[in-house]
Amino acid sequence: MSDSTADILALTDFSKKRADWLCDLNQVGESFETLISLDEDGLLRAAREETGLSDFGPDDFRRPLSLLMQSLENEAQLTFMGRIMARQDVLILLKNRLLIVETFKKNPEIEREEIKEPLFIVGLSRSGTSILHELLTQDSRHRTLLSWEARRPCPPPEEETYGTDPRIAQAESELTLWPKIVPAYQAMHEMGAQIPTECGDITCHAFIGDRLPALHQVPTYASNVALADMRPAYQIHKQILQILQFKVKRERWLLKAPAHMNWLPTLFEVYPDARVIQTHRDPLQIMGSTVSLISAILWMRTKAVDPEGVKLAFGPAYYAPQLYNVMRQRDEGIIPAEQFHDVRFQDMMDAPFETIRGAYDYFGWDYTAEVESRMRAYLEHKPRDKFGKHFYSFSDLGLDLETERARYAGYQARFDVPSEVT
């Protein structure tokens with residue numbers, strides 16, 4: 001084992017934190033893994049039987065679904081718990097596809113629901129997108145995507161029961177399992193049914209994008225869908241938003257996902273009047289954090305995390321092309337640069353409310369004292385490291401500082417991004 005690999009392993013190995021109950025479950029479950037079927041036809045059949053429906057919509061999801069199931073069996077090294085979680089995730093997505101199609105058939109007027117000037121927060125993972133998203137959610141004019149409704153969007157939520165819908169309790173029990181499996185994850189990302197979630201939780205209904213490769217070690221699947229046409233994902237994204245706002249109206253949608261940076265032309269094709277806030281932070285600081293986060297998620301389901309694979313997927317080869325491609329698209333008019341507003345992570349930390357006011361002013365929104373008061377109250381009740389400190393370091397990745405600093409020099413100069421790693 002190289003020194004580099006050993007350092008990365010130290011950052012990504014969560015085995016010492018795996019609970020005794022989980023170790024016992026996985027050990028006993030090894031003899032019963034065949035009972036947790038990941039057979040594609042079996043899952044499709046189960047989805048039909050459990051919903052009583054048969055129309056999955058366009059067949060463009062079938063090939064990526066097949067690739068995913070093959071990679072789960074052949075590459076993911078799933079634990080017994082991992083198989084349970086993988087089957088549940090895929091089955092929920094398939095059932096949702098059936099229910100989405102049926103919902104539009106029963107309520108054709110939903111197709112006329114207008115998604116007007118939605119706001120998307122994009123930026124590298126761990127660059128402040130989550131806290132900005134959470135603060136903007138305190139503005140009651142914004143409709144954000146909550147974890148429970150992303151997980152089960154059908155039937156359309158009702159205004160009268162929006163805070164008491166039985167799907168909330170169901171999602172809460174499922175999502176709060178994550179930190180029970182890997183306690184360190186709680187310090188990295190808070191989970192819960194009524195916590196805002198990322199768009200990847202709904203674009204994954206097309207079985208393409210970045211969400212599923214972030215849950216499982218499925219390199220063959222990931223490489224095959226990396227260059228996929230993302231229109232089916234954004235089309236089902238829009239359909240789900242239309243369903244969710246059918247009976248629960250707000251002024252605008254507030255959405256977030258770092259991965260949108262990979263597919264901005266498609267995003268604007270589906271949402272031409274979208275507004276975008278792009279967050280900016282030292283990429284070298286972010287890499288260690290992201291590797292740690294992704295490794296914790298993988299460790300929930302796999303017998304062994306591949307540290308070199310994680311570094312390859314979420315290191316320089318991933319971030320640099322992403323950042324520079326967005327810069328080029330904005331400069332060349334491929335995407336509407338005037339619909340972007342840039343926010344530095346350091347400004348969010350130093351002066352969050354002045355920074356947010358700047359975004360409101362840029363987009364012509366009314367920034368009220370009441371909105372700021374709600375944001376201040378939220379921050380007071382959610383200090384940083386509320387659930388513990390998330391430890392990570394660029395040095396643990398085994399990368400050369402001078403090389404990586406030079407790689408991102410143009411990006412940092414463009415957006416005046418200060419270096420955090422020295």
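Numbering of residues starts from 1 in every chain and runs along the sequence as written. Local features in this predicted model are restricted to residues of pLDDT 70 or higher, and side-chain atom pairs are both shown and tallied only at a pLDDT of 80 or more, whereas totals for entire chains, interfaces and linings draw on every residue. Only heavy atoms go into the side-chain values, all of them from the structure, while hydrogens and water stay out.

Describing the packing of helix α4 (residues 62-74) against helix α5 (residues 80-106)
Point 1. Fitted lines through C-alpha atoms serve as axes, helices being fitted only where they are in contact, and the angles separating the N-to-C directions of these axes extend from 0 to 180 degrees. Here a helix means four or more residues in a row that DSSP labels H or I, a strand means two or more in a row labelled E, and each is numbered from the N terminus. Between α4 and α5, the least distance of the axes is 12 Å, while the angle of their chain directions is 170°. Considering their axes alone, α4 and α5 lie roughly antiparallel with respect to each other. Contacts between α4 and α5 involve Leu65, Leu68, Met69, Leu72 and Glu73 from the first element and Arg83, Ala86, Val90 and Leu94 from the second.
Point 2. Counted by class, the contact of α4 with α5 contains 7 nonpolar, no polar and 2 charged residues. When an angle is under 35 degrees it counts as roughly parallel; over 145 it counts as roughly antiparallel; between 65 and 115 it counts as roughly perpendicular; any other value is oblique. For this analysis, residues touch if any pair of their heavy atoms sits within 4.5 Å. Residue classes follow a fixed rule: Ala, Val, Leu, Ile, Met, Phe, Trp, Tyr, Cys and Pro count as nonpolar, while Asp, Glu, Lys and Arg count as charged, and any other residue, Gly among them, counts as polar.

Side note on the pattern of salt bridges
Point 1. Definition used for salt bridges: Asp or Glu carboxyl oxygen within 4 Å of a side-chain nitrogen of Lys or Arg. Per the counting criterion, the structure on display carries 29 salt bridges.
Point 2. Of the charged contacts, one joins arginine 83 and glutamate 73 as a salt bridge, the two residues approaching to 3.2 Å between their closest N and O atoms. Here arginine 83 is found in helix α5, whereas its partner glutamate 73 is found in helix α4, with 10 residues between them in sequence.
Point 3. For every residue, the accessible area obtained with a 1.4 Å probe (protein chains only) is divided by the maximum for its type, and the residue is called buried under 20%, exposed over 50%, and partly exposed between those limits. Judged by relative accessible area, which is 42%, glutamate 73 ranks as partly exposed.
Point 4. Two residues, glutamate 117 and arginine 275, come together in a salt bridge whose shortest N-O distance is 3.2 Å. Note that glutamate 117 is positioned in the loop between α5 and β1 (119-123) and arginine 275 in strand β4 (residues 275-280), a separation of 158 residues in sequence.
Point 5. A relative accessible area of 19% means that arginine 275 is categorised as buried.
Point 6. Ionic contacts of the salt-bridge type, sharing partners, join the residues Asp89, Arg151, Arg152, Glu174 and Arg301 into one network.

Details of the packing of aromatic side chains
Point 1. Between the rings of Phe, Tyr and Trp (Trp by its six-membered ring), a pair exists once the centres lie within 6.5 Å; its type follows the angle of the planes, with under 30 degrees stacked, over 60 edge-to-face, and the other angles tilted. Taken as a whole and judged by the stated rule, the model has 10 aromatic pairs.
Point 2. Relative to phenylalanine 207, the ring of phenylalanine 61 has its centre 6.1 Å away and its plane inclined at 35°; by these criteria the two rings are tilted. Residue phenylalanine 61 is found in the loop between α3 (40-51) and α4, and its partner phenylalanine 207 is found in the loop between α11 (200-203) and α12 (211-215); the two are separated by 146 residues along the sequence.
Point 3. Phenylalanine 61 gets classed as buried once you look at its relative accessible area, which sits at 0%.
Point 4. A relative accessible area of 0% places phenylalanine 207 in the buried class.
Point 5. Members of the aromatic cluster, joined through ring pairs, are Tyr360, Tyr362, Phe363, Trp365 and Tyr367.
Point 6. For a ring to carry a charge above it, either NZ of a lysine or CZ of an arginine must fall within 6 Å of the ring centroid while also lying within 35 degrees of the normal to the ring plane. Lying across the ring of tryptophan 365, arginine 252 places its NZ or CZ 3.9 Å from the centre.
Point 7. Above the face of the phenylalanine 345 ring, arginine 281 is positioned so that its terminal group lies 3.8 Å from the ring centre.

Structural notes on α5
For an α-helix the count is 3.6 residues per turn, leaving residues at separations of three or four pointing the same way.
Point 1. Look at α5: 39 Å from first C-alpha to last across 27 residues, which is about the 39 Å you get at 1.5 Å a residue.
Point 2. For α5, the tally of buried residues reaches 19 of 27 residues, placing the bulk of the element in the interior. Every helix has an expected span of 1.5 Å times one less than the residues it contains.

Things to note about a nonpolar patch on the surface
Point 1. Patches here: salt-bridge-free residues with over 30% relative accessible area, like charges joined within 9 Å, nonpolar side chains (Val, Leu, Ile, Met, Phe, Trp, Tyr) joined within 5 Å. Note on areas: Shrake-Rupley, 1.4 Å probe, and residue coverage restricted to the protein chains presented here. Together, Val28, Phe32 and Leu35 line one region of the surface with nonpolar side chains, adding up to about 320 Å² of accessible area.
Point 2. Summarising the element assignment, phenylalanine 32 is placed in the loop between α2 (20-29) and α3.

Description of the pairing of strand β3 (residues 252-256)
Point 1. Judged by how many residues are buried, β3 sits mostly within the fold: 5 of 5 residues are covered.
Point 2. Judged by which residues are buried, β3 turns out to be covered on both faces: Arg252, Leu254 and Lys256 on one side and Trp253 and Leu255 on the other are all buried.
Point 3. Here, any two strands with at least 2 DSSP bridges between them count as paired. Pairing between β1 and β3: 3 bridges, direction parallel. Looking at β3, one finds that isoleucine 121 is bridged to lysine 256.
Point 4. Pairing of strand β2 (residues 142-144) with β3 involves 3 bridges; the strand directions are parallel. The residue bridging arginine 143 from the neighbouring strand is tryptophan 253, located in β3.

Structural notes on the side chain of threonine 197
Point 1. As for its placement among the helices and strands, threonine 197 is situated in the loop between α10 (185-188) and α11.
Point 2. According to the relative accessible area criterion, threonine 197 is buried, its value standing at 12%.
Point 3. Threonine 197 has contacts with His133, Leu145, Leu146, Ser147, Ala150 and Lys256, leaving out every residue within four places of it along the chain.

Quick word on unusual backbone geometry
Point 1. Cis rather than trans, the peptide bond between cysteine 154 and proline 155 has omega equal to 0°.
Point 2. Structurally, proline 155 can be placed in the loop between α7 (147-151) and α8 (166-175).
Point 3. In the Ramachandran plot, arginine 126 falls in the positive-phi region, its phi being about 70° despite a non-glycine side chain.
Point 4. Following the sequence through the fold, arginine 126 ends up in the loop between β1 and α6 (129-137).
Point 5. If you check the backbone angles, aspartate 416 has positive phi at about 50° while not being a glycine.

Some remarks on the nonpolar core
Proteins that are soluble and globular tend to have nonpolar side chains buried together.
Point 1. Put simply, a nonpolar core is a bunch of buried Ala, Val, Leu, Ile, Met, Phe, Trp, Tyr and Cys residues held in one set by side-chain atoms that sit within 4.5 Å of each other. Membership of the largest hydrophobic core comes to 91 residues, with the highest contact counts inside it found for Leu68, Leu72, Leu94, Phe120 and Phe207.
Point 2. No other element matches the 9 residues that helix α16 (residues 283-299) contributes to this core.
Point 3. Excluding its chain neighbours within four sequence positions, the residues that come into contact with phenylalanine 120 are Cys199, His237, Leu255, His260, Leu267, Tyr271, Ala274, Arg275, Val276 and Ile277.
Point 4. Counting 19 residues, the second largest nonpolar core, distinct from the first, contains Ile131, Val343, Phe353 and Val371.

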